[in-house]
Amino acid sequence: MTMKQLLFSFSALLVFLHFTTTLAQAPAKSPKPKGPANVTAILEKVGHFNTLIRLMENTQMGDRINTELATADGGLTLFAPTDSAFASLKAGTLNSLTDLQKSQLVQFHVLTAYNSLPQFQTVSNPVPTQAGDTGKGHFPLSITMGGNQVNISTGLTNATITSSIYTDGQLAVYEVDKVLLPLEIFNPLPPAPAAAPKKPPSPALAPTPAAPIANITSVDASSAMGLIRHAAVSIGVAAIAAFSL
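A quick note: this is a predicted structure, and the numbers were derived from the prediction, not measured.

Turning our eyes to something else, we now look at the side chain of T154. Structurally, the position occupied by T154 is in the loop between β4 (149-153) and β5 (158-167). Only 2.8 Å separates the side chain of T154 from the backbone nitrogen of T157, close enough to count as a polar contact. Reaching out from T154, the side chain makes a polar contact with the backbone oxygen of L181 at a distance of 2.8 Å. Leaving out residues up to four positions away in the same chain, T154 has contacts with F108, L141, L180, L181 and L183.

Okay, here's the thing in structure tokens:
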């Protein structure tokens, strides 16, 4: 090997050593953090939740759920009725609801915490939803588990989880076979009956007027005096006659 070749080889070695040293000292790039789940995108990917997606978009509840997933701790659980579940409702059911009631209906399908399937075995009833709390008249759910089947009751609807669609420790999405109808919207409590009006007090009975006393007129007095005189004369005559005997 000539001197020129030796110098070239030595230079190449120095370049190689410098390159490897630089790579070793360069900080490793950290992986990009995974963004929060997009609930409507998850439902769209599955393909048979079009009515629920449309309802979430019209009420802007889909955006709200995504925002909460990005900012809140504890996660969320969504019960997702299929298109066939919505189709089994009475015609015009959704159209009869106000905008507020539509939002409450979507929120009624969302639990305020992440729940895996095994956690439903120990859940404490009643379970609060985004639509309210556990108080009477505040949109609670009752969830029970028998074997591998999770049953959900609203007091008006009994539904079952048919499959797990998505779960990541922050969001759980479960397919249900019925739309969860809250009593507070579809069977509101009747208003308390109005108190019966008080009966007016019975009027006091007016005293019966006494029969008027007949006036003794002067004619009546004269007649009486005449009778007395006649009686006296009769008695006097009878006495004289008796004495004569």
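On we go from here.
What follows covers the packing of aromatic side chains. Note on aromatic pairs: each is described by the distance of the centres and the angle between the planes. Per the counting criterion, the structure on display carries four aromatic pairs. Ring centres 6.1 Å apart and planes at 35° place the aromatic pair F79 and F120 in the tilted group. Within this pair, whereas F79 is found in strand β1 (residues 76-81), its partner F120 is found in the loop between β2 (110-111) and β3 (142-146), the two being separated by 41 residues in sequence. Ring geometry for F79 against Y174: centres 6.5 Å apart, planes inclined by 35°, an arrangement best described as tilted. Of the two residues, F79 sits in strand β1 while Y174 sits in strand β6 (residues 171-176), which places them 95 residues apart along the sequence. Y174 carries the same exposure label as F79, and that label is buried. Put simply, the rings of F79, F120 and Y174 pair up and form one aromatic cluster.

Scanning the model with the defined rule gives one salt bridge in all. One salt bridge connects E68 with R64, and the closest N-O pair in it is separated by 3.2 Å. Of this pair, E68 and R64 both sit in helix α4 (residues 61-71), separated by four residues, roughly a single helical turn. Overall, the relative accessible area of 38% leaves R64 in the partly exposed class.

It is worth spelling out the pairing of β5 at this point. When β4 meets β5, the two strands line up antiparallel, connected through three bridges. In the strand pairing of β5, S153 is matched with N158. Here β4 folds back onto β5 in antiparallel fashion, the turn holding four residues, of which G155 has a positive phi close to 95°. Two elements, β5 and β6, share five bridges in a ladder whose sense is antiparallel. In the strand pairing of β6, S164 is matched with Y174. The turn linking β5 back onto β6 is made up of three residues, and G169 within it adopts a positive phi angle of 90°.

This brings us to the sheet that holds β3. The strand order across the open sheet formed by six strands is β2-β1-β6-β5-β4-β3, and the pairing between neighbours is mixed. What marks the edges here is a single partner per strand, and that holds for β2 and β3.

Among the nonpolar cores identified, the biggest contains 46 residues, and L43, F79, F120, L141, I143, I152 and I161 are the most heavily contacted of them. At five residues, the largest contribution of residues to this core is made by β6. Residues in contact with I161, not counting those within four places in the same chain, are F79, L117, F120, V150, I152, Y174, E175 and V176.

The next thing to look at is the side chain of T51. Considering the arrangement of structural elements, one finds T51 in helix α3 (residues 50-59). The class for T51 is buried, based on a relative accessible area of 16%. Apart from residues lying up to four places away in sequence, T51 is in contact with D83, F86 and L94.

Reading the values: rules and limits
- Residues numbered from 1 in each chain as written.
- Predicted model: local features only at pLDDT ≥ 70, side-chain atom pairs only at ≥ 80, totals over all residues.
- Heavy atoms only, no water.
- Helix = DSSP H or I, 4+ residues; strand = E, 2+ residues; numbered from the N terminus.
- Polar contact = N/O pair within 3.5 Å; in protein donor to acceptor, adjacent residues only side chain to side chain.
- Contact = heavy atoms within 4.5 Å.
- Phe/Tyr/Trp six-rings, centres within 6.5 Å; stacked < 30°, edge-to-face > 60°.
- Buried < 20%, exposed > 50% of the residue type's maximum accessible area, 1.4 Å probe, protein only.
- Salt bridge = Lys/Arg side-chain N within 4 Å of Asp/Glu carboxyl O.
- Pairing = 2+ DSSP bridges.
- Core = buried A, V, L, I, M, F, W, Y, C linked by side-chain atoms within 4.5 Å.

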